[in-house]
2 protein chains.
Amino acid sequence: MSKFNEFREKQDEINALGYALNHISWDQATEAKSGSNEYRNKQVGILSKKQFELVIEPSRIELIRELRNDASLSEEETREIYLASRQIDSLEKVPANLYSEYQVLLSRAQGIWENAYIEKNYSMFKDTLKEIIEKTNEVLEYRNDGSRSNYDILLDDFEEGMTSEKYDEFFDLLKEQLVPFVKQITSKEVIYNDDFIKNNFSEKGQKEFAEYLMDVFNFDRERGLLKESVHPFTWNTHSQDVRLTVRYIEDLMTSSIFSAAHELGHALYEQQIDSKYDGTYLSGGTSMGFHESQSRFYENMIGRSRVFWKAHFDKLKEIFKEELAGVTMDDFYKFVNKVELSYIRVEADELTYPLHIMIRYEIEKEIFNGEVDIDKLDERWNELTKEYLGLDVTNDSEGILQDVHFSAGLFGYFPTYALGSAIAAQIYNTMEKEICIYDIVKSGNLEPINTWLKTHAHKYGSFKTSNEILAEMTGEPFNPEYYTKYLINKYLELFI
Amino acid sequence: MSKFNEFREKQDEINALGYALNHISWDQATEAKSGSNEYRNKQVGILSKKQFELVIEPSRIELIRELRNDASLSEEETREIYLASRQIDSLEKVPANLYSEYQVLLSRAQGIWENAYIEKNYSMFKDTLKEIIEKTNEVLEYRNDGSRSNYDILLDDFEEGMTSEKYDEFFDLLKEQLVPFVKQITSKEVIYNDDFIKNNFSEKGQKEFAEYLMDVFNFDRERGLLKESVHPFTWNTHSQDVRLTVRYIEDLMTSSIFSAAHELGHALYEQQIDSKYDGTYLSGGTSMGFHESQSRFYENMIGRSRVFWKAHFDKLKEIFKEELAGVTMDDFYKFVNKVELSYIRVEADELTYPLHIMIRYEIEKEIFNGEVDIDKLDERWNELTKEYLGLDVTNDSEGILQDVHFSAGLFGYFPTYALGSAIAAQIYNTMEKEICIYDIVKSGNLEPINTWLKTHAHKYGSFKTSNEILAEMTGEPFNPEYYTKYLINKYLELFI
């Protein structure tokens, strides 16, 4: 057997365990009752441990090391080995006991953050946060070969190829163009009829519309399904089994519509990846940022466009005859694009969302550059919120404590959220030169858009990097100008 | 670590893999789309193989052998080791290559049987059946120490402690009492209004009634749920996660009602097993026959009783106002207990069902005693059908080919189906001396019946054998007289 086939064979059991763990977590999120939790935790612990042991098995690591220098591998095989190396890189370098100390700390931190969040009191969490940051740096010291900063290692972990230099350029542009634009825009008032939103929109009706969207987006129902869960998500084990969930909130019906559109973006990406990559390191979307670009593309650029509602508002009115009586397409379009300065990231609209990310990026950079006193991180957060959003934070749970990420050690993750929207805008700019997006959206079936994305991006899975795909499909490297232009044009049109 | 704890630790990974495989098959039966099949097959193959390797790992077998003779074990531990030994018994004795040849044959046989079934032509299947029987005997020769017949080994595999001697006694009684009784009964006609069955009963209404039954049967919703699947079944990973499925057929609404009652019997049994047995060989119901006794008890003895419909027919009429207009409780009671001579086992009513099993038991005995020419097994089947049911089989698919079991090598399995009903009747006879079944059923909540069964049977899981539980709870060994008496009394009352 060739060394590469030996690697693939070892991979089979790792994948099968991943497949099993995925099914168990799907079941947990969508179906299982509380009584099953304790036993599940034990089983998941055993299966995860087994999988981890196989990943770090010395003979496997040895094999990957050898294959790293094997010039006879195909391009795809080389990429697979590279991605496998990336995964074991930290495990090779970081002492096992430090790694497990870190995990124990994070697991403890979760509950401490939750309590602090409930009490709206950062001082209950700050010492733990300090410990997490120290331990994160300790781990990173083992991984750092001196060629880059610790924060750059984290940024690259979550988005292959990204650095603080690139993100700085991105966020500087946002700061320069969006901060004043948001101030300008939010000082005006858009007039439209939004009385309808107080109505009750039945779960049944919302479900019917979500199922309708599944077909509008041309989701392949033989290879996946739509279900419900408390938090919407997309789940997949390979390109032939891709599922999405939404939540139906009767007094906030737009939630299920835009969750469906968002998750459909993730789901179409996964469905359109070449099935030859199933079960390999090349399966799945290429990066967090690129994945998010696809969900934001379908949710915002398609789903919140005027032409989309030109095509589909009648269907929504047909389902909710009484609830939407007297509401025009224009009212609805304006409502789903309203801009509001708010404290909470996950509730933010398309325009102000990146400013929330900017706050987090600044904070993380300052943390890892040692430029901020962790004891006063809440004050720094509030300062930045005032600067970018013009808001005075009144308690820590609408400020520094609002996200779970820091308590889970997820530093460097946030920027990918904003990156996704910017990538989407760059793709949109190229796409509209090659196909008529307006006509396709108006036609009621997004298939030609899907096919274009499949051809230029989706089919590659993780074979190509986000940067490679973007450069090949748009003819230039990542360029955030398209994003700010898109936002400014869209909201100028809406507010003037 | 003690040897026993070492055994338990090895068991942990085997269990966790079983837990994973169970979730994957639950998903397959209730949710997954066809596109996911191929990849699933591969992953299930890998996980099952891994689990099997752990089960037959030489150090584990060695450990179990040592523990078999360990007098210091508790009674429960001894039983666990006994059940583990039972599982590996055949694996120890049968050469691995013969075992895998057998699996290959069975896997091939499946398709051959399916084709023969479609073509209604036994001659297309008979050579394969001959091979299966030969190979089964070849395997059994390795397991047979000369103390019992090959067929007795099979009977014991499916129902611990059962022998052809015991089953002969059982089926002789059925032949003697039920065959003439069925002839007598089916010559009479019961008059009632059954026009309603032609109506369409909405899935929504059926679902509402099934959910209502979940509460009537006092199913613990924190530890399980009701869902849909093509074939109804009960699924559980441990006592804290027990699920059942039904199917809603709009032109046969009684199907979902009695499937629900049947599966609720299985499900209550699993929910009421002592949770200390979770994850051990003592978890789960003690035998196939005993499990079936619980489902038949709740489905037939409770669910098809007059008092049950006295308590719940109003609810059914409330849901199906128009569809059941003019139908009396008595009409409905008679309809759900109608007796019909029919060819197909799975469609048979409570009274004629055991006669279908009797045919199969006779056939299997003759096969393993070498008393029948396999080439003419179809003729023998038809002869017995004529003798017991008075029917002339007109094609092999309503005769010898109707069940999947023979093609899957499942000889010795059928008798447990009839055994279950007989055990249920014996239990009922004791129960009604200790609690007032009539009043409890009439009250609308079966909780006191569940508790009685929990105390006397369910809680033991597989710690005690079916025979032990039955003897302790009823004060005598298995006695099929209660079953024939129950059937004759019930149907005399209905038909006279």
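Our subject in this report is the structure included herewith. (Residues numbered from 1 in each chain as written. Chains lettered and ligands numbered in written order. Predicted model: local features only at pLDDT ≥ 70, side-chain atom pairs only at ≥ 80, totals over all residues. Heavy atoms only, no water.)

The next point concerns the sheet that holds strand E1 (residues 224-228) of chain B. One key point about sheets: their strands pair by backbone hydrogen bonds, in either a parallel or an antiparallel sense. All names here are of chain B. Strand order in the open sheet made by the 3 strands is E1-E3-E2, with mixed pairing throughout. Here the strands that pair on one side only, and so sit at the sheet edges, are E1 and strand E2 (234-238). Here the average twist between neighbouring strands, direction ignored, is 15°. Two elements, E2 and strand E3 (residues 241-246), share 4 bridges in a ladder whose sense is antiparallel. Across the sheet, residue His238 finds its bridge partner in E3, namely Asp241. In the packing of helix H10 (residues 253-271) onto the sheet, contacts are made with E1, E2 and E3, and the angle to E3 comes to roughly 170°. (Pairing = 2+ DSSP bridges. Helix = DSSP H or I, 4+ residues; strand = E, 2+ residues; numbered from the N terminus. Axes fitted to C-alpha atoms, helices over the stretch in contact; angles between N-to-C directions. Contact = heavy atoms within 4.5 Å.)

Listed per partner, the contact involves 37 residues of chain B and 37 residues of chain A. Buried surface at the junction of chain B and chain A, both sides included, amounts to about 3100 Å², of which 60% is carbon and sulfur. When the buried area of chain B at its contact with chain A is split by residue, B:Tyr19, B:Glu31 and B:Tyr39 rank highest and sum to 21% of it. Taken together, the links from chain B to chain A amount to 10 salt bridges. Note that A:Glu31 is salt-bridged to B:Lys227, the shortest N-O span being 3.1 Å. Where chain B meets chain A, there are 14 residue pairs in polar contact (both at pLDDT 80 or more). When residues of the side of chain B that touches chain A are traced back to their parent elements, those giving at least two are helix H1 (3-30), helix H2 (37-55), E1, E2 and E3 of chain B. Considered class by class, the residues forming the side of chain B that touches chain A number 11 nonpolar, 11 polar and 15 charged. (Buried area = accessible area lost by both parts, 1.4 Å probe. Salt bridge = Lys/Arg side-chain N within 4 Å of Asp/Glu carboxyl O. Polar contact = N/O pair within 3.5 Å; in protein donor to acceptor, adjacent residues only side chain to side chain. Nonpolar A, V, L, I, M, F, W, Y, C, P; charged D, E, K, R; others polar.)

Residues A:Ile449 and B:Ile449 are the most contacted members of the largest nonpolar core, which totals 320 residues. Here the element with the most residues in this core is helix H16 (residues 414-434) of chain B; it accounts for 11 residues. (Core = buried A, V, L, I, M, F, W, Y, C linked by side-chain atoms within 4.5 Å. Buried < 20%, exposed > 50% of the residue type's maximum accessible area, 1.4 Å probe, protein only.)

This next bit is on the sheet that holds strand E3 (residues 241-246) of chain A. Residue and element names in this part refer to chain A. What the 3 strands build is an open sheet, ordered E1-E3-E2; its pairing is mixed. Each edge of the open sheet carries a strand with a single partner, namely strand E1 (224-228) and strand E2 (234-238). Adjacent strand axes in the sheet meet at a mean angle of 15° when their direction is disregarded. One ladder, built from 5 bridges, connects E1 with E3; its direction is parallel. Along E3, the bridge assignment pairs Glu228 with Val246. Along the sheet, helix H1 (residues 3-30) contacts E1, E2 and E3; its crossing angle with E2, the most-contacted strand, is approximately 155°. On top of the sheet, helix H10 (residues 253-271) reaches E1, E2 and E3; it is set at about 170° to E3, its chief contact.

All names here are of chain A. A cluster of acidic residues, Glu165, Glu169, Asp172, Glu176 and Glu481, forms a negative patch at the surface. Take the negative patch: its biggest share by element is 4 residues, from helix H8 (residues 164-186). Structurally, Glu169 can be placed in helix H8. (Patch = residues over 30% accessible without salt bridge, like charges linked within 9 Å, V, L, I, M, F, W, Y side chains within 5 Å. Areas by Shrake-Rupley, 256 points an atom, 1.4 Å probe, with all protein chains shown as cover. Lys, Arg positive; Asp, Glu negative; His and termini not counted. Charge placed at Lys NZ, Arg CZ, Asp CG, Glu CD.)

Moving on: the relation of the copies chain B and chain A. The transformation that overlays chain B on chain A combines an axial shift of 0.0 Å with a rotation of 180°, and the residual RMSD is 0.0 Å. Here the transformation between the copies is reduced to the relation of a two-fold axis. Across chain B, the smallest distance between a C-alpha and the rotation axis is recorded for B:Ala20, namely 2.7 Å. Both copies present the same face, since 100% of the interface residues in chain B are matched by interface residues at the equivalent positions in chain A. (Least-squares fit on C-alpha atoms with pLDDT ≥ 70 in both.)

Further remarks concern the pattern of salt bridges. Applying the stated rule across the entire model yields 94 salt bridges over all chains. Here A:Arg68 ties to A:Glu92 by a salt bridge, and the two come within 3.5 Å at their closest N and O atoms. In this pair, A:Arg68 is assigned in helix H3 (residues 58-68) and A:Glu92 in helix H4 (residues 75-93), connecting sequence segments 24 residues apart. The exposure class of A:Glu92 is partly exposed, given its relative accessible area of 26%. A:Glu383 is the salt-bridge partner of A:Arg380, the closest N and O atoms lying 2.8 Å from each other. You can see A:Arg380 and its partner A:Glu383 sitting in helix H15 (residues 377-389), 3 residues apart, about one turn around the helix. For A:Glu383, a relative accessible area of 48% gives the class partly exposed. Linked through salt bridges whose partners overlap, the residues forming this network are A:Asp27, A:Glu31, A:Lys227, A:Asp241, A:Arg243, B:Asp27, B:Glu31, B:Lys227, B:Asp241 and B:Arg243.

Residue and element names in this part refer to chain A. Where H3 contacts H4, the two axes come as close as 10 Å, and the packing angle between them is 130°. On the basis of the axis angle, H3 is oblique to H4. Regarding H3 and H4, the two cross each other, and that crossing is left-handed. Within the contact between the two elements, H3 uses Arg60, Ile61, Ile64, Arg65, Leu67 and Arg68 and H4 uses Ile81, Ala84, Ser85, Gln87, Ile88 and Glu92. (Parallel < 35°, antiparallel > 145°, perpendicular 65-115°, else oblique. Left-handed = near helix turned anticlockwise from the far one by under 90°.)

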